[in-house]
Amino acid sequence: MLDGDQMDNAKSMSIIVTKGSLDWAYPPFILATTAAAMDLNVTMFFTFYGLPLLKKKLNMKFTPLGNPAMEMPMMGGHMAMPNLLSVMPGVGGMAGMMMKNLMKKKGVASIEDLREAAVESDVRMIACQMTLDLFEYSLDDMIDGIELGGAATYIESAAKSDINLFI
Amino acid sequence: MATAQLNAEGLNCPLPILKAKKMLKTLSPGDVLEISATDPGSVADFSAFCNQTGHELLSSSAEGDIYKFEIKRA
């Protein structure tokens with residue numbers, strides 16, 4: 001009865017998803033699924049490095065490189081992740097493992113689960129056609145239920161949305 | 001009017017909201033969903049969720065580290 005797709009005056013939100021690392025994948029999927037749960041009509045536009053988040057098999061990497069503000073909880077305190085350390089072989093992979101373990105321990109959903117929730121709640125997902133061509137992705141590698149589109153497709157949706165985010 | 005329970009303990013944002021929404025969908029108008037959670041952020045979030053969706057937050061309380069909510073489906 002209160003579902004967004006049945007409400008004429010439902011609010012709506014659009015998100016441009018431009019980043020596909022493990023940490024940056026969270027904000028768009030958390031906001032999209034929560035907005036859908038709150039009866040908003042949600043559109044996500046996946047472009048550039050955000051596009052791989054639509055691949056059937058996710059393989060998100062995580063690196064503290066270029067993120068000097070990052071600290072990990074460690075034995076009651078916090079440990080900064082020096083950029084210099086991050087360029088050493090294996091450190092990126094180790095940081096990714098640490099991050100995934102920490103998320104599991106704290107009851108944080110996996111990106112796979114959030115994406116599934118987004119699909120289930122009818123979030124409209126648009127794959128950027130230009131990015132698909134540029135990086136030579138195939139639609140066959142992507143999950144079902146997505147559509148292809150370009151800037152105009154996004155703008156049409158954004159022009160009607162109450163909230164527009166670029167992440 | 002039926003009552004349903006949701007144990008969202010140990011789950012972090014936004015899972016308690018997503019799971020509550022999923023269960024509310026299966027209930028009939030007037031039914032009550034009782035939720036228990038451990039995420040302190042869920043106190044503000046369930047209030048906001050109900051304000052936005054029109055479901056009624058009948059109660060919001062804390063017992064130690066457990067937060068309890070009762071939501072009446074609109």
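This write-up is about the structure you can find in this document.

The rules behind each value
- Residues numbered from 1 in each chain as written.
- Chains lettered and ligands numbered in written order.
- Predicted model: local features only at pLDDT ≥ 70, side-chain atom pairs only at ≥ 80, totals over all residues.
- Helix = DSSP H or I, 4+ residues; strand = E, 2+ residues; numbered from the N terminus.
- Buried ≥ 20, exposed ≤ 12 C-beta atoms within 10 Å, placed from the backbone.
- Contact = placed C-beta atoms within 7 Å.
- Nonpolar A, V, L, I, M, F, W, Y, C, P; charged D, E, K, R; others polar.
- Pairing = 2+ DSSP bridges.
- Axes fitted to C-alpha atoms, helices over the stretch in contact; angles between N-to-C directions.
- Left-handed = near helix turned anticlockwise from the far one by under 90°.
- Arc of directions from axis to C-beta.
- Core = buried A, V, L, I, M, F, W, Y, C linked by C-beta atoms within 7 Å.

For the rest of this paragraph, the subject is the overall build of chain A. The helix and strand inventory of chain A stands at 6 helices and 7 strands. From first element to last, N terminus to C terminus, chain A shows the α and β order β-α-β-β-β-α-α-α-β-α-β-α-β. Along the first, second and third principal axes, the C-alpha atoms of chain A reach 50 × 35 × 25 Å. For chain A, the residues scored as buried account for 31% of the 167 residues in total. Put simply, 75% of the contacts in chain A that link residues at least 6 apart link residues at least 24 apart.

Once that is clear, we can look at the interface of chain B and chain A. Taken together, the 14 residues of chain B in the interface contact 13 residues of chain A. Listed by contribution, the elements that provide at least two residues to the side of chain B that touches chain A are α1 (15-26) and α2 (42-53) of chain B. The element best represented in the side of chain B that touches chain A is α1 of chain B, accounting for 4 residues. Among the residues forming the side of chain B that touches chain A, the class breakdown is 8 nonpolar, 5 polar and 1 charged.

Residues and elements named next belong to chain A. Strand order in the open sheet formed by 5 strands is β6-β5-β2-β1-β7, and the pairing between neighbours is parallel. Each end of this open sheet is capped by a strand with a single partner; those strands are β6 (147-149) and β7 (163-166). Direction aside, neighbouring strands of the sheet carry axes that sit 20° apart on average. Packed on one face of the sheet, helix α6 (residues 151-159) meets β1 (12-17), β2 (41-46), β5 (124-128), β6 and β7 and runs near 145° to β1.

Interaxial distance between helix α1 (residues 22-37) of chain A and α1 of chain B falls to 9 Å at its minimum, and their mutual angle equals 35°. As α1 of chain A runs across α1 of chain B, the sense of the crossing is left-handed. Of the residues in α1 of chain B, those touching α1 of chain A at Thr33, Thr34 and Ala37 of chain A are Ile17, Leu18 and Lys21 of chain B. Of the residues contributing to the contact of α1 of chain A with α1 of chain B, the split by class is 3 nonpolar, 2 polar and 1 charged.

Residue and element names in this part refer to chain A. Listed as buried for α6 are Tyr154, Ser157 and Ala158. End-on view of α6: buried residues confined to an arc of 100°, all on one side of the axis. Within α6, the exposed residues directed more than 90 degrees away from the buried face are Ala152, Glu156 and Ala159. For α6, the elements touching its buried residues are β1, β2, β5, β6 and β7.

The biggest cluster of nonpolar side chains holds 52 residues, and the ones touching the most others in it are Ala32, Ala36, Val42, Met44, Phe45 and Phe46 of chain A. Looking at this core element by element, the count peaks at 7 residues for α1 of chain A.

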